[in-house]
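Chain by chain, the residues run as shown.
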Amino acid sequence: MTTHCPHCGWPDSQPFSVLSRHATAAGMTVWVRCACGSAQIREVGPGGARVVSRGRPDPDPDAAGSRCPT
Ligand SMILES: [Zn+2]
């Protein structure tokens, strides 16, 4: 499976920055930040990794109200 970030085209097979890893019953959950600033949540199990959630690149317009402007 080869997928790319829909925002910047970064290949998901090459995580830009791993934020954290958490062991789960199914294997592992990995938080990854892309080159464009969007966060991904991946599940890594016996069958490999899959992206279960992907955020938006920074700056996130939806988060503008909750973010310090400086
Ligand atoms: Zn990206």
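Only a predicted model underlies this, so the values are computations on that prediction, with no experimental measurement involved.

Novice: Hey, could you run me through the overall build of the protein in this one?
Specialist: Along the protein, the regular secondary structure elements total 0 helices and 4 strands. Helices and strands appear in the protein in the N-to-C order β-β-β-β. Within the protein, the proportion of its 70 residues that are buried is 7%. In the protein, the share of contacts with a sequence separation of at least 24, taken over all contacts with a separation of at least 6, comes to 19%.

Novice: Honestly, the environment of D12 in this entry has me stumped. Any pointers?
Specialist: Secondary-structure assignment places D12 in the segment before β1 (17-24). With 19 C-beta atoms counted inside 10 Å, the residue D12 sits in the partly exposed group. As for D12 and R50, which are separated by 38 residues in sequence, their C-alpha atoms are 9.3 Å apart. Beyond its immediate stretch of four places on either side in the chain, D12 contacts T3, H4, C5 and V51.

Novice: Explain the sheet that holds strand β4 (residues 48-54) to me, please; I cannot follow it from the model alone.
Specialist: Strands belonging to one sheet form pairs held by backbone hydrogen bonds; the direction of such a pair is parallel or antiparallel. The strand order across the open sheet built from 4 strands is β1-β2-β3-β4, with neighbouring strands paired in antiparallel fashion. Looking at strand neighbours, the two that pair on one side only are β1 and β4, the edges of this open sheet. Pairs of neighbouring strands in the sheet enclose a mean axial angle of 25°, with direction left out of account. Note that β1 and strand β2 (residues 27-33) share 7 bridges and pair antiparallel. Bridge pairing in β2 links R21 to V30.

About the thresholds
Residues numbered from 1 in each chain as written. Predicted model: local features only at pLDDT ≥ 70, side-chain atom pairs only at ≥ 80, totals over all residues. Helix = DSSP H or I, 4+ residues; strand = E, 2+ residues; numbered from the N terminus. Buried ≥ 20, exposed ≤ 12 C-beta atoms within 10 Å, placed from the backbone. Contact = placed C-beta atoms within 7 Å. Pairing = 2+ DSSP bridges. Axes fitted to C-alpha atoms, helices over the stretch in contact; angles between N-to-C directions.

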